[in-house]
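Chain and residue survey
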Amino acid sequence: KYNVVIYDFFSSKAMESFWTEEFLNDFLKNHTDNQCSFGTYACTGKLKRAFKCNNFEYFERRGYLWKRSSTFACRRSKI
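Here is a short report on the structure shown in this document. (Residues numbered from 1 in each chain as written. Predicted model: local features only at pLDDT ≥ 70, side-chain atom pairs only at ≥ 80, totals over all residues. Heavy atoms only, no water.)

1. With respect to the overall build of the chain
Helix and strand counts for the chain stand at 2 helices and 4 strands. Order of helices (α) and strands (β) in the chain, N terminus to C terminus: β-α-β-α-β-β. For 79 residues, the compact-globule estimate of 2.2 N^0.38 gives 12 Å, and the C-alpha radius of gyration of the chain, at 12 Å, lies within 12% of that figure. Across its three principal axes, the chain shows a C-alpha extent of roughly 40 × 25 × 20 Å. Intrachain contacts of the chain at a sequence separation of at least 6 include 53% that bridge at least 24 residues. Within the chain, the 8 negative side-chain charges are centred at a point lying 6 Å from the centre of the 14 positive side-chain charges. (Helix = DSSP H or I, 4+ residues; strand = E, 2+ residues; numbered from the N terminus. Rg over C-alpha atoms; globule rule 2.2 N^0.38 Å. Contact = heavy atoms within 4.5 Å. Lys, Arg positive; Asp, Glu negative; His and termini not counted. Charge placed at Lys NZ, Arg CZ, Asp CG, Glu CD.)

Here's what the structure looks like:
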């Protein structure tokens with residue numbers, strides 16, 4: 001399972017299947033470790049809902065180049 005994810009797929013228009021809420025939930029649930037950091041240039045409601053559903057803490061960050069905002073999220077295991 002991944003401890004760090006840099007999610008850099010093309011836009012949801014070009015790679016729609018990688019940006020569905022179902023795919024994001026499945027990916028976060030089955031492929032990320034209890035301690036995981038996740039970064040992407042995207043900032044969407046689908047991402048925010050998937051993070052919440054999978055116990056990630058979400059942080060909106062300043063975007064890259066012409067993007068308004070980007071996303072950083074992390075999940076920390078409970079000790």
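2. Here we look at the pairing of strand β2 (residues 32-40)
As paired strands, strand β1 (residues 2-7) and β2 are joined by 5 bridges and run parallel to one another. Bridged to Tyr2 within β2 is Thr32. (Pairing = 2+ DSSP bridges.)

3. What about the packing of aromatic side chains?
Taken as a whole and assessed by the stated rule, the structure comprises 11 aromatic pairs. In this structure an aromatic cluster arises from ring pairing among Tyr2, Tyr7, Phe18, Trp19, Phe23, Phe27, Phe38, Tyr41, Phe51, Phe56 and Tyr58. (Phe/Tyr/Trp six-rings, centres within 6.5 Å; stacked < 30°, edge-to-face > 60°.)

4. Some thoughts on the nonpolar core
Counting residues in each nonpolar core, the largest one holds 14 residues, and the members touching the most others are Val5, Tyr7, Leu28, Phe38, Leu47, Phe51 and Phe56. If you list the elements that add at least two residues to this core, you get β1, α1 (21-31), β2 and α2 (45-53). When residues no more than four places from it in sequence are discounted, the contact partners of Leu28 are Phe38, Ala50, Phe51, Asn54, Phe56 and Arg75. (Core = buried A, V, L, I, M, F, W, Y, C linked by side-chain atoms within 4.5 Å. Buried < 20%, exposed > 50% of the residue type's maximum accessible area, 1.4 Å probe, protein only.)

5. Thoughts on the sheet that holds strand β3 (residues 57-62)
Read from one edge to the other, the open sheet built from 4 strands follows the order β1-β2-β4-β3, with strand pairing classed as mixed. If you trace the sheet from one side to the other, it starts and ends with β1 and β3, each paired once. Averaged over all adjacent pairs, the angle separating strand axes in this sheet is 20 degrees, with direction ignored. Packing of α1 onto the sheet brings it into contact with β1, β2 and β4 (69-75), and relative to β2 it is tilted by some 135 degrees. (Axes fitted to C-alpha atoms, helices over the stretch in contact; angles between N-to-C directions.)

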